[in-house]
Amino acid sequence: MRVYLSLLRIKHWIKNLFVFAPIIFSGNLFNSELFLKTLLTFFLLSILSSGLYILNDIFDLESDLEHPDKRNRPLPSGKINKNIAKFLSIILIITPIIISIFLNKFLTIIFLLYISFNFFYSLLIKKLVIIDVFIIAFNFILRIYSGSIVTQISVSNWLILCTLFLSLFLGFAKRRFEIVLLGENAHKHREVLSSYSIELLDKIIVILSTATILSYSLYSVSSETKEKFGGGFIFTIPVVVYGILRYIYLIYEKKEGEPTKLVTEDIPLIVTILIWIAFSIFIIYK
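Everything in this summary refers to the structure shown in the same document. (Residues numbered from 1 in each chain as written. Predicted model: local features only at pLDDT ≥ 70, side-chain atom pairs only at ≥ 80, totals over all residues. Heavy atoms only, no water.)

Brief notes about the overall build of the chain
Under the convention used in this document: Elements are defined by DSSP. Helices are runs of H or I of four residues or more, strands are runs of E of two residues or more, and each kind is numbered from the N terminus. For the radius of gyration, the atom set is restricted to C-alpha positions; the globular benchmark scales as 2.2 Å times the number of residues to the power 0.38. Whether a residue is buried, partly exposed or exposed follows from its accessible area with a 1.4 Å probe, protein chains only, as a fraction of its type maximum: under 20%, in between, or over 50%, in that order. Whether two residues are in contact is decided by their heavy atoms, any of which lying within 4.5 Å being enough. Per-residue and other accessible areas follow the Shrake-Rupley method at a 1.4 Å probe size, with only the shown protein chains counted as cover for residues.
The helix and strand tally for the chain stands at 14 helices and zero strands. Going residue by residue from the N terminus, the α and β elements of the chain occur as α-α-α-α-α-α-α-α-α-α-α-α-α-α. The C-alpha atoms of the chain give 19 Å as radius of gyration, which agrees with the globular expectation for 286 residues (19 Å, within 12%). Each principal axis of the C-alpha atoms in the chain carries an extent, and together these give about 55 × 50 × 30 Å. The proportion of buried residues among the 286 residues of the chain is 50%. Sequence separation of at least 24 residues holds for 70% of the intrachain contacts in the chain that already meet a minimum separation of 6. Of the roughly 14,300 Å² of accessible surface on the chain, a fraction of 69% belongs to carbon and sulfur atoms.

What to know about the packing of aromatic side chains
Heads up, the condition is: Pairs were defined over the aromatic rings of Phe, Tyr and Trp, the Trp ring being its six-membered one, requiring ring centres within 6.5 Å. Orientation was assigned from the angle between planes: stacked under 30 degrees, edge-to-face over 60, tilted for the rest.
As enumerated under the stated definition, the model contains 18 aromatic pairs in all. Arranged with centres 6.2 Å apart and planes meeting at 80°, the rings of F172 and Y196 form a pair that is edge-to-face. Of this pair, F172 sits in helix α8 (residues 157-182) while Y196 is found in the loop between α9 (186-189) and α10 (198-221), placing the two residues 24 residues apart along the sequence. An aromatic cluster is present here, built from F25, Y216, Y219, F229, F233 and W276 joined pairwise through their rings.

Here we look at the side chain of R143
Quick reminder of the rule: Any pair of nitrogen or oxygen atoms within 3.5 Å is treated as a polar contact; in protein, a donor-acceptor pairing is required on top of that, and neighbouring residues in sequence qualify only through side-chain atoms on both sides.
Relative to the elements of secondary structure, R143 occurs in helix α7 (residues 131-151). Here Y114 takes part through its side chain, which lies 3.1 Å from a polar atom of the side chain of R143. Excluding residues within four positions of it along the chain, R143 makes contact with K15, N16, F18, V19, L45 and Y114.

A few points about helix α6 (residues 105-123)
To be explicit about the condition: A helix is expected to span 1.5 Å for every residue after the first. What the arc covers is the set of directions going from the helix axis to the C-beta atoms.
The end-to-end C-alpha separation of α6 is 27 Å, in line with the 27 Å expected for 19 residues at 1.5 Å each. All buried positions along α6 are accounted for by L107, T108, I110, F111, Y114, I115, N118, Y121 and S122. Axial view of α6: buried residues confined to an arc of 160°, hence all on one face. Residues of α6 that are exposed and point over 90 degrees away from its buried face: K105 and F106. Two to three positions downstream of the cap, the backbone nitrogen of F106 sits 2.8 Å from a side-chain oxygen, assigning the N-cap of α6 to N104.

Structural notes on the pattern of salt bridges
Quick reminder of the rule: The term salt bridge refers to a pairing of a side-chain nitrogen on Lys or Arg with a carboxyl oxygen on Asp or Glu at a separation within 4 Å.
Under the defined criterion, the tally for this structure stands at nine salt bridges. Residue K174 is joined to E258 by a salt bridge in which the shortest nitrogen-to-oxygen separation is 3.6 Å. A residue pair is termed long-range when its members are at least 10 positions apart, and K174 in helix α8 and E258 in the loop between α12 (237-252) and α13 (259-265) qualify at 84 residues. No difference in accessibility class separates K174 from E258, as the two residues are buried. What you see here is one network of salt bridges that share partners, running through D132, R175 and E178.

Brief notes about the packing of α8 against α12
Heads up, the rule is: Orientation is described by lines fitted to C-alpha atoms, with helices fitted over the stretch in contact, and by angles between N-to-C directions that extend from 0 to 180 degrees. Orientation is classified from the angle alone, with under 35 degrees giving roughly parallel, over 145 giving roughly antiparallel, 65 to 115 giving roughly perpendicular, and any other angle giving oblique. Only Asp, Glu, Lys and Arg are considered charged, only Ala, Val, Leu, Ile, Met, Phe, Trp, Tyr, Cys and Pro nonpolar, and every remaining residue, Gly among them, polar.
Between α8 and α12, the shortest axis-to-axis distance is 11 Å and the interhelical angle comes to 10°. Classed by the angle they form, the pair α8 and α12 counts as roughly parallel. Residue-level contacts link L166, F169, L170, A173 and R176 of α8 to I244, Y247, I248, I251 and Y252 of α12. Here the residues of the contact of α8 with α12 sort into nine nonpolar, no polar and one charged.

Comments concerning the environment of G257
Take G257: it is sitting in the loop between α12 and α13. Considered as a pair, G257 and F172 are 85 residues apart in the sequence and their alpha carbons are 9.0 Å apart.

Focus on the packing of α8 against α10
For any two helices packed against each other, the geometry is given by the interaxial angle and the distance between the axes. Note the following rule: Throughout, a crossing is termed right-handed when the near helix is turned clockwise from the far one, and left-handed when it is turned anticlockwise from it by less than a right angle.
α10 packs onto α8 with a crossing angle of 155° between their chain directions and a minimal axis gap of 9 Å. Considering their axes alone, α8 and α10 lie roughly antiparallel with respect to each other. Crossing hand, α8 versus α10: left-handed. Across the contact of α8 with α10, the residue classes tally to 20 nonpolar, three polar and three charged.

So, in C-alpha cells, the structure goes:
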C-alpha cells in the first residue's frame, strides 16, 4: 500500500489547495454549498493529478534511473509493473472527467486543458527552455480557475498575477536544485537542464522573487483590497517577505529546491504559511 501511495504522490496534492483561493478571498469560505463543491473539485483534481504523475513517470522511466532520488520511485525501482501503472493512470484520469461532466461542464474543459498541458509537457514542452516552467505555472492558474468555475466566483487579476510569479519562482528554483544535485549528469535526467546554467537561474530567481513580493505588496495596498477587506493585508507583507527569503536561504545555503518537500518538511516555512493563512482569514472574515 505504501508503494502505491508513493506512486500516487499524495504529498503533491497540496498544490491543489489553490482551488480554495476563490472561495477564501471572496469571503465565502463558510458557505457550506460552495465549500463542498470546492472540496469535491479539490479531490477530483488531486485524483486527476495522480493519474498524470503516473503517466509522466512512465514517459520518464529511463531518465529517472539517472536520478539519485527518483530511481527509488515505484516504477524505476521495479516495485510496480509498468502495465499496472498504465491501467491505474487511465482510471485515475478518466474518472474525474466523467464526474466533472455532471458537476460543471466548464470544469470539464478546465480538466481537459490541464490534461493537454501535462500530456504535451511530457512529450515535448519539458524540452523547451523557460517554456517548460511556464507550463507548470499555468497549471497553478488552472487550479485557481477550477475553484472559480465550480463556485461561479470571479477571480481577481491580482490573485492570478501573484500566483503566476510565485509558481515561476518555485519552478525555476527547482531547476536550479536539479542542476546542483545532479551536476554533470543533469541533462541525462532532464534534457532541458543542458540549456540552463546556475548563473542564468540565479538571475531569474532574483527577478521572480522580487516580482512576487512586489505584486503581493501592491495587491495588499491596492484600493480594491482596502475596499473589500480594509487595510489589514499590509500587515501580512512581512510574513510573505520572510517566506520568500526563507525559501531563498534554503535554496542557496541548504542546497534544497523541491517545493513540495520544503513546504511540508521545513518547520519555519510551514509555520510562516500557517501564520499567513491565519492572518488572511482573520482579515477577510473579521
